[in-house]
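Tertiary structure, described
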Amino acid sequence: MSEQKSVVLHDMTLRDGMHPKRHQISLDQMVRLAMALDDANVPLIEVAHGDGLGGGSINYGFAPHSDSEYLRAVIPKLKKARVSALLIPGIGTADHLRMAVDCGVTTMRIATHCTEADVAEQHIGLSAKLGVDTVGFLMMAHMVPPDELVVQAKKMESYGANCIYCTDSAGTMLPADVTARISALRGALSARTEIGFHGHHNLAMGVANSLAAIDAGARRIDASSAGLGAGAGNTPLEVFVAVLTRLGVYHGTDLYKLMDIAEEIVVPMMDQPVRIDRDALVLGYAGVYSSFLLFAKRAAEKYGVSSRDILIEMGRRKTVGGQEDMIEDVALTMARS
Amino acid sequence: MKTNVAIIGSGNIGTDLVMKTLRSKTLRPAWLVGVDPQSDGLAKAAKLGLKTTALGVEGLIPHLRADGIRIAFDATSAHAHAHNARLLQDESVFVIDLTPAAIGPFCIPPVNLSADLLTDRLNVNMVTCGGQATIPIVAAVSRIQSVKYAEIVATVASKSVGPGTRQNIDEFTRTTAQAIESVGGAERGKAIIIINPAEPPLIMRDTIHCVVEHAPDKAAIAESIAQMVREVQKYVPGYRIVNGPVFDNHRVTLFVEVQGLGDYLPEYAGNLDIMTAAALRTAEMMVERQLLPKEGRRLVSASQSQEAVQR
C-alpha cells in the first residue's frame, strides 16, 4: 500500500447489542460500557433501542428506560467519543430525532429498507438541517443488485445524507457481494459522501466483509464488542481491530483495551452465547433479518414448531426489517397445519 | 335520485373512489378534480363519463350549484386539503377528508359513524389506512374492558404506497396513534408502518395488540371481535382474520389481512380499499339519513375553518 488507509470504527454494542439482550441493558451497564469504549479510543458509539429511537413496543420489546434516559446518562460521561442514534421512519418520528439531537447526539443514522429510501426524505432533511452528521442506512442491502442500491443511495444523498451505509442486516453477504455494492456506491456518489458498511456475522463473514468494504472504498465500519448484536452478532470489534492492526490500516483504537472490554464486560453481560447456532446460521443462509432470531426461538417454543422452519418461511415470504409481528403469525399458521 | 359527489385528487385513492362510487346505489360521481392534465386518473374518469378539471378545486367551484354537488371526497394532501376544505365549506359542501390533515373529527365507520359526528361540522377525517384496518379491533376490545395500551403494525406493499404517504410517513404514525386513543378507546396508542417491496406484492397485513387492564374475558372479547370483523366486511369483503385472537397474559393480539376489490390498484392494495370504502360508506350514510345541510347554510364559516387549520 502506498498510502495508509484509515477507518472510523462505529461501535454497535449498545444499540444492535440490545437485540440479544432483549433490550434489557441497564443504565449502569450502558454507562460503564460506553466509558470503557471511550477510554479505548472508539470514536463513535451508537446508543438507542435496538430497533432505533421509538422502537420500544410490544412488537420489538420495551427497554427499561426511554431513549432519552439512555442518551442523557451516557453522553455527559464521554471524554472524546461521540454518540450516534438510529432512526427507522415508520417506527420512530422526527420528534425522536429532535429529542436525540437535544440530548447531544452528533450523528443521526436514518434507516430504511434498501428499496424505500424516499420514506426518509423528511428525516434526513431535518437531520442535515440540524447540522449533525447525517447517515443514510440502507438495510437488507443483499436484496437488491448494486445498481438499484445506487439509485436508493443517490436519493438519500440528495436529501442531505453525507454518508451512505450498505447494511448487511441478514449477515448473508459474501465478500464479493460487498465489493460489488461498495464499489458501485463509491463510483456513483459524490466524492464528499462517505461510505459505510454494517455487517452481521451469521456466516462468519463479518470481518472478511468489512475488509472487502474498506478495499472498495468504505471508510466507516460498524462493529460490536464480542460481537454483541442481532443474530450471530455484528463484526466482532476486537477481532476486527487486531486484523486492521496487522494489515496496517489506521483505526486509532487500543486493541488490548478492546480485548479486555469484550472479555470482562460484554461476555459476562450475555444472556446466551452470541454465536452461529443453527438458527443464526439459517438467517445468513436464507437472508433473513438478524433481529428475528430470538423472536423465532420464543415462538417456536410457545407453539411447538421448529424455529428453523419459521425463519425459512420468513425468508420465503420476503419479509423485511421490522416485520417481527409476522413471526408469531407464521408460527400460529404452522402449528395449525 | 342519486346524490352527485365530486372527488378531488386524481391519484390512486381518487381514481379508486371513482370506480367504487360508480357502483353506489345512492351516490353518483359527477366530477373528478386533478391538477395534472396528463394524469391517468383524469383520463380514466373522463372515459367513464365524469366531468373532469385539471385546475384543482377552483375548477370545480363554479359548477357546484349547477351540478348539485353536496359531498366532496378529498384525496389530495394534508396541505392541499386545508385550502380545499375552506373553499368547499363556504359552498356548504360536506367534505370527507382522506388526507392526514385531520381538520374534522376522525371517522372509523363501524366505530363512530353517527348522525352526531356528521352534523357536527362539514368535515370528517378518515384517519389512515392502518387506522381503518385496526381501530375497529381496538374498539371491539375496549368496549368489553378497558385497554391500557394498543399498538398496531401495518405492513403494506411498496407499490401501494404513494408519494404523499412517503413524504410524510410521520403523519401516518402520529395520526393513527391519536385515533387509536380517541376513537379506539385505548389509554395510549402506538402505530408502526412497514413497507415491503416483495414481488408479487403482499396483501396488506395488520397486527393489533391490546393490553387490557384486568384479566381478559376471553369469550366476550373473541365474540366482540368477531362481530366487529363482520361489520367491517360489510364494506370491505376482503377483510379477514388470519390468526387470533391470541391471549397472552393481559395481551390480546389479532392478525388480519385486507384484500382489496382490485378496482384501480390490484387486490393486494387493501390499504387503499379500506380507506375508499370507509369514505364511501360515510357519504352513503349522509344521504341515507338525510344529514346533508340545507344549501347555503354555513355550519362552519370560512374564518372558523381557518382557525381549525391553524390549530
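Residues numbered from 1 in each chain as written. Chains lettered and ligands numbered in written order. Predicted model: local features only at pLDDT ≥ 70, side-chain atom pairs only at ≥ 80, totals over all residues.

Concerning the interface of chain B and chain A
With 25 residues of chain B in contact, the opposing surface of chain A contributes 23 residues. Mapped onto the side of chain B that touches chain A, the elements with two or more residues apiece are β7 (147-157), α8 (163-167), α9 (169-182), β8 (186-196), β9 (204-212), β10 (239-248) and β11 (251-258) of chain B. If one sorts the elements of the side of chain B that touches chain A by residue count, β8(B) sits on top with 6 residues. Looking at the side of chain B that touches chain A residue by residue, the classes come out as 10 nonpolar, 9 polar and 6 charged. (Contact = placed C-beta atoms within 7 Å. Helix = DSSP H or I, 4+ residues; strand = E, 2+ residues; numbered from the N terminus. Nonpolar A, V, L, I, M, F, W, Y, C, P; charged D, E, K, R; others polar.)

Description of the pairing of β10(B)
All names here are of chain B. With 7 bridges joining them, β10 and β11 adopt antiparallel strand pairing. Within the sheet, the bridge partner assigned to Asn-243 lies in β11 and is Phe-255. Remark: 2 residues form the turn of the hairpin made by β10 and β11, two consecutive strands paired antiparallel; Asn-249 in that turn has positive phi of roughly 55°. (Pairing = 2+ DSSP bridges.)

Some points on the sheet that holds strand β2 (residues 27-33) of chain B
All names here are of chain B. With parallel pairing, the 6 strands of this open sheet are ordered in space as β3-β2-β1-β4-β5-β6. Two strands in the sheet have a free side with no partner beyond their single neighbour: β3 (51-53) and β6 (123-125). Here the average twist between neighbouring strands, direction ignored, is 20°. Pairing of strand β5 (residues 94-97) with β6, which is carried by 3 bridges, proceeds in the parallel orientation. Looking across to β6, one finds that Asp-97 is bridged to Asn-125. The sheet contacts of helix α11 (residues 270-288) involve β1 (3-8), β2, β4 (69-74), β5 and β6, and relative to β5 the element is tilted by about 160°. (Axes fitted to C-alpha atoms, helices over the stretch in contact; angles between N-to-C directions.)

Focus: the nonpolar core
In terms of nonpolar packing, the biggest core is built from 217 residues, with Leu138(A), Ile7(B) and Val138(B) touching the most fellow members. Counting residues per element, this core draws most heavily on α11(B), which supplies 9 residues. Contacts of Ile7(B), omitting those with residues within four sequence positions, involve Gly14(B), Leu17(B), Val18(B), Pro29(B), Trp31(B), Leu32(B), Val33(B), Phe73(B) and Ala75(B). (Core = buried A, V, L, I, M, F, W, Y, C linked by C-beta atoms within 7 Å. Buried ≥ 20, exposed ≤ 12 C-beta atoms within 10 Å, placed from the backbone.)

Quick word on the sheet that holds β8(B)
Residue and element names in this part refer to chain B. Here 5 strands make up an open sheet; going across it, the order is β8-β7-β9-β11-β10 and the pairing mixed. A strand with exactly one partner marks an edge of an open sheet, and here the two such strands are β8 and β10. Going across the sheet, the axis of each strand differs from the next one's by a mean of 15°, ignoring polarity. Its contacts with the sheet put helix α10 (residues 218-235) on β10 and β11, and the angle it makes with β10 is roughly 165°.

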